Amino acid sequence: MKNCPQCGKPRKGDEFKCPECDVFYSQLDEILYEEQLRVEKDTLKGHIKAILAAKDRKQAAIDDLTLIWKNTPLKTKITLWTIFAFVFALVTGVL
Ligand SMILES: [Zn+2]
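Please read these numbers as outputs of a predicted model, since none were measured by experiment.

> Describe the environment of isoleucine 31, listing the residues and the values that go with them.
Mapped onto the secondary structure, isoleucine 31 falls in helix α1 (residues 27-41). With a relative accessible area of 53%, isoleucine 31 lands in the exposed category. The sequence separation of isoleucine 31 and phenylalanine 16 amounts to 15 residues, and the corresponding C-alpha distance is 9.5 Å.

> Can you tell me about the coordination of the zinc ion, naming the residues and giving the values?
Ideal geometry at a metal centre: 109.5 degrees between donors when four sit tetrahedrally, and 90 or 180 degrees when six sit octahedrally. Surrounding the zinc ion are the protein donor atoms Cys4 (SG), Cys7 (SG), Cys18 (SG) and Cys21 (SG), at 2.2 to 2.3 Å. Coordination at the zinc ion comes from four donor atoms whose angles at the metal span 105 to 118°, giving a geometry best classed as tetrahedral. When the donors of the zinc ion are listed by position in the chain, the intervening gaps give C-x2-C-x10-C-x2-C. Here cysteine 4 is found in the segment before α1, whereas its partner cysteine 18 is found in the segment before α1, with 14 residues between them in sequence. Since its relative accessible area comes to 4%, cysteine 4 is described here as buried.

> Got a sec to walk through the packing of aromatic side chains? Specific residues and values, please.
Inspection of the entire model under this criterion finds three aromatic pairs. Pairing tryptophan 81 with phenylalanine 84 gives two aromatic rings, centres 5.6 Å apart and planes at 85°, and the pair type is edge-to-face. Here tryptophan 81 and its partner phenylalanine 84 are both found in helix α4 (residues 74-94), three residues apart, which amounts to about one turn of the helix. Given a relative accessible area of 52%, phenylalanine 84 falls into the exposed group. Taken together, Phe16, Phe24 and Tyr33 form an aromatic cluster joined through their ring pairs.

> How would you summarise the pattern of salt bridges if you had to cite specific residues and measurements?
A full pass over the atoms with the stated rule returns five salt bridges. Between lysine 9 and glutamate 20 there is a salt bridge, with the nearest N and O atoms lying 2.7 Å from each other. Here lysine 9, found in the segment before α1, pairs with glutamate 20, found in the segment before α1; they are eleven residues apart in sequence, far enough to count as distant. Residue classification places glutamate 20 among the exposed positions, given a relative accessible area of 54%.

> So what's going on with the layout of surface pockets? Which residues, and what values?
Reported here for the largest pocket is a volume of approximately 170 Å³. If you trace the largest pocket, you find it lined by Lys41, Asp42, Gly46, His47, Ala50, Asp64, Leu67, Ile68 and Asn71. Counting residues per element, the lining of the largest pocket draws most heavily on helix α3 (residues 57-71), at four residues. In the lining of the largest pocket, the residues fall into three nonpolar, three polar and three charged.

Scoring rules and cut-offs
- Residues numbered from 1 in each chain as written.
- Predicted model: local features only at pLDDT ≥ 70, side-chain atom pairs only at ≥ 80, totals over all residues.
- Heavy atoms only, no water.
- Helix = DSSP H or I, 4+ residues; strand = E, 2+ residues; numbered from the N terminus.
- Buried < 20%, exposed > 50% of the residue type's maximum accessible area, 1.4 Å probe, protein only.
- Donors = N, O, S within 2.8 Å, 3.2 Å for Na, K, Ca; no water.
- Tetrahedral: all angles 85-135°; square planar, octahedral: opposite > 155°, others 65-115°.
- Phe/Tyr/Trp six-rings, centres within 6.5 Å; stacked < 30°, edge-to-face > 60°.
- Salt bridge = Lys/Arg side-chain N within 4 Å of Asp/Glu carboxyl O.
- 1 Å grid on protein atoms, 1.4 Å probe; cavity = no way out; pocket = protein on both sides within 12 Å on 5 of 7 lines; lining within 4 Å.
- Points joined across faces, edges and corners; volume = space filled by probe spheres on them.
- Nonpolar A, V, L, I, M, F, W, Y, C, P; charged D, E, K, R; others polar.

Written out as structure tokens, the structure is:
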């Protein structure tokens, strides 16, 4: 749709919603908008954005890392721990 379904104002650029009524121009725009949000949420940029937008940034960063750690598969965790243990052994062995 080229015009806002509510106020009828013409669409500006790549906006998904009418800036005045906060209404989507069409159902497709709503889907595209949600898809964009979903994709952005999974990117590093999205994570940083969410942390910066939070009131308590430190807490948000911790929560975010906790969530990432929770979503990390066990295999990856074991690999990370193995690397960590190896590096630790190497460092303490040298000293
Ligand atoms: Zn409008």
